[in-house]
Amino acid sequence: MPKASIQRLIGVAIAATLSLPLAAAAQQYSPGNEVIVLQGFKPGGGSDALAQLVQPYLTKELGVNFVNQYIPGATGAIAWTKLAKQTAADGRTISITNTPMLMTNYLMNPTIKYSIDELTPLANIVTDPGVIVVGKDSKFMTAKDFLEAARANPGRITVGNSGVGGDDYFSTIMIERASGLKFQKVPFEGDGPSWAAALAGKIDASFNNVGITFPQIKAGNLRPLAVFAEKRLKELPDVPTLSELGIKVVAGSSRGYSAPKGMPEKAKQEFIAGLERVVKNPDFQKDAAARALYLDFKTGDEYARFLKEQEKAFKEIWDEVKPQAGAAK
């Protein structure tokens, strides 16, 4: 055989040998190459925003395909009940978990039987400040206009939220407690339908989250009136905080990933390690900033402690306001 042909054969053999570990390295998640992600809300809300941000990067890190399943209803409780009660703890199905609704669902409604103790918290990714938004054609040009109208019309100004028990619902209660105002709360199946209703003029305003509404704010379709943050946000420097308006409320929603209790430890650590690599990626960090999604990375036991602290805090709020707000139906 000619020397050149022999060299080509040797080259092919070496390339084939080298390709085996490279292919194996692409698959870094032991449960399999497909992961179902349960989302308890309709597309276009906070869970979806997180999925669209994180999962393209995580796919490259773990070598898996993520399949999002949208199961809206009961402020995420249908999806989280399925995760806790009906899903094999094999690492092949996880869920985006949102505070405070992850725990306020069962704190407010005793017919909901899952709890955070039945989950394996993997990691929190973002904490998204609350915001008041109105449609671009709204008569409310400023937060002052909106709050004065609410004071003059107790219980008549309609504000949308992502569902009873969600962060927007509790933000409304917290604002009412701090200001003496009273709003007509209008629940939707997620943040997306809530801001869409405000945009269409079907409600006066949506109490929502910055990261969810930011694309519509940038496009000029929604007008932000106030943010529920400690200080003004660099992405919205002209928008006052509630504290500046005399309402001492800071609120928002944290979003991350959890699995059923009993997830294999190897799979848990693989998933967390993949997320750690993602959040350290400068391109990911730039992408999150461009979407006004504020990184707040907590993993494993730290995330579990955070959820328990949230559970305690919102139980105290609900126990206080329950006689006035009425029990969840």
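Residues numbered from 1 in each chain as written. Predicted model: local features only at pLDDT ≥ 70, side-chain atom pairs only at ≥ 80, totals over all residues. Heavy atoms only, no water.

### As for the pairing of strand 2 (residues 65–70)
Test applied: Criterion used throughout: strands pair if DSSP finds at least two bridges between them. Numbering goes from the N terminus for both helices and strands, where a helix is a DSSP run of H or I of at least four residues and a strand is a run of E of at least two. Crossovers are marked right-handed if the path from the first strand over the helix to the second runs clockwise, as seen with the strands pointing away from the viewer.
Pairing between strand 1 (residues 34–39) and strand 2: six bridges, direction parallel. Paired with Val37 across the two strands is Asn68, which belongs to strand 2. In this fold, strand 1 hands off to helix 2 (residues 46–62), which returns the chain to strand 2; that crossover is right-handed.

### Describing the pairing of strand 1
Here three bridges tie strand 1 to strand 3 (residues 93–98), and the two strands are oriented parallel to one another. Within strand 3, the position partnered with Ile36 by the bridge is Thr93.

### Things to note about the packing of aromatic side chains
Note the cut-off: Pairing of aromatic rings covers Phe, Tyr and Trp, the last counted by its six-membered ring, and requires centre-to-centre distances within 6.5 Å; plane angles under 30 degrees mean stacked, over 60 mean edge-to-face, and any other angle means tilted. Accessibility here uses a 1.4 Å probe with only protein chains present; expressed as a share of the type maximum, an area under 20% marks a residue as buried, one over 50% as exposed, and anything in between as partly exposed.
Applying the stated criterion to the full structure yields 15 aromatic pairs. Centroid distance Phe66 to Phe271: 6.5 Å. Interplanar angle 85°. Geometry classified as edge-to-face. With Phe66 in strand 2 and Phe271 in helix 9 (residues 265–280), the pair connects residues that are 205 residues apart, well separated along the chain. In this structure, Phe66 and Phe271 share a single accessibility class: buried. Ring centres 5.6 Å apart and planes at 70° place the aromatic pair Phe183 and Phe207 in the edge-to-face group.

### Considerations on the environment of Ser258
This is how it is decided: In protein, a polar contact means a hydrogen-donor-capable atom and an acceptor-capable atom, both N or O and within 3.5 Å, with residues adjacent in sequence counting only if both atoms are side-chain atoms; elsewhere, any N or O pair within 3.5 Å suffices.
The topology assignment puts Ser258 in strand 9 (residues 252–260). For Ser258, a relative accessible area of 0% corresponds to the buried category. Along the chain, Ser258 and Thr97 lie 161 residues apart, while their C-alpha atoms are 6.2 Å from each other. Of the polar contacts made by the side chain of Ser258, one reaches the side chain of Thr97; its length is 3.0 Å.

### Quick notes on helix 9
Put simply, the rule reads: Helix span, expected: 1.5 Å multiplied by one less than the number of residues in the helix.
Taking 1.5 Å per residue as the helical rise, helix 9 with its 16 residues ought to reach 22 Å, and the 23 Å between its terminal C-alpha atoms agrees with that figure. Ala267, Lys268, Glu270, Phe271, Ile272, Gly274, Leu275, Val278 and Val279 are the residues of helix 9 that are buried.

### A short note on the environment of Pro72
Short version of the rule: We call two residues in contact whenever any of their non-hydrogen atoms come within 4.5 Å of each other.
Looking at the secondary structure, you find Pro72 in the loop between strand 2 and helix 3 (77–86). The exposure class assigned to Pro72 is partly exposed, which follows from its relative accessible area of 29%. In the structure, Pro72 is positioned 29 residues away from Pro43 in sequence and 9.0 Å away in space, judged by C-alpha atoms. Every residue in contact with Pro72, bar those within four places of it in the chain, is listed here: Gln39, Gly40, Phe41, Lys42, Ile78 and Glu189.

### Topic: helix 10 (residues 282–290)
Every α-helical turn comprises 3.6 residues, leaving residues that sit three or four positions apart pointing alike. Its side-chain oxygen at 2.8 Å from the backbone nitrogen of Asp283, Asn281 defines the N-terminal cap of helix 10. Immediately beyond the C-terminal end of helix 10, within one or two residues, lies Ala292, with a positive phi of roughly 55°.

### Description of the pattern of salt bridges
Two side chains that carry opposite charge are able to pair once their charged atoms sit near each other. Quick note on the threshold: Note on definitions: salt bridges are taken to be side-chain nitrogens of Lys or Arg within 4 Å of carboxyl oxygens of Asp or Glu.
Within this structure, the stated rule accounts for 12 salt bridges. When the shortest N-O distance is used, the salt bridge between Lys308 and Asp117 registers 3.4 Å. Of this pair, Lys308 sits in helix 11 (residues 300–325) while Asp117 sits in the loop between helix 4 (101–108) and strand 4 (119–135), and the two are 191 residues apart along the sequence. Judged by relative accessible area, Asp117 falls into the partly exposed class, the value being 45%. Notably, a salt bridge pairs Glu311 with Lys308, separated by 3.0 Å at the nearest N-O pair. With Glu311 and Lys308 both in helix 11 and three residues apart, this pair spans about one turn of that helix. By relative accessible area, Lys308 is classed as partly exposed at 36%.

### With respect to unusual backbone geometry
Residue Pro100 is bonded to the preceding Thr99 through a cis peptide linkage, with omega at 5°. Checked against the element boundaries, Pro100 lands in the loop between strand 3 and helix 4. With a phi angle near 50°, Thr75 is a residue other than glycine that sits in the positive phi range. When you line up the elements, Thr75 lands in the loop between strand 2 and helix 3. Judged by relative accessible area, which is 9%, Thr75 ranks as buried. We note that Ala292 has phi near 55°; this positive angle belongs to a residue other than glycine. Mapped onto the secondary structure, Ala292 falls in the loop between helix 10 and strand 10 (295–299).

### Observations regarding the packing of helix 2 against helix 10
We count it as follows: To get an axis, a line is fitted to the C-alpha atoms, and for a helix only the part in contact is used. The angle between two axes follows their N-to-C directions and goes from 0 to 180 degrees. Here the word oblique covers every angle except those under 35 degrees (roughly parallel), over 145 (roughly antiparallel) and from 65 to 115 (roughly perpendicular). Only Asp, Glu, Lys and Arg are considered charged, only Ala, Val, Leu, Ile, Met, Phe, Trp, Tyr, Cys and Pro nonpolar, and every remaining residue, Gly among them, polar.
Where helix 2 contacts helix 10, the two axes come as close as 10 Å, and the packing angle between them is 170°. In this view, helix 2 runs roughly antiparallel relative to helix 10, as classed from their interaxial angle. Within the contact between the two elements, helix 2 uses Leu53, Val54 and Tyr57 and helix 10 uses Asp283, Phe284, Asp287 and Ala288. Tallied by class, the residues present in the contact of helix 2 with helix 10 amount to five nonpolar, no polar and two charged.

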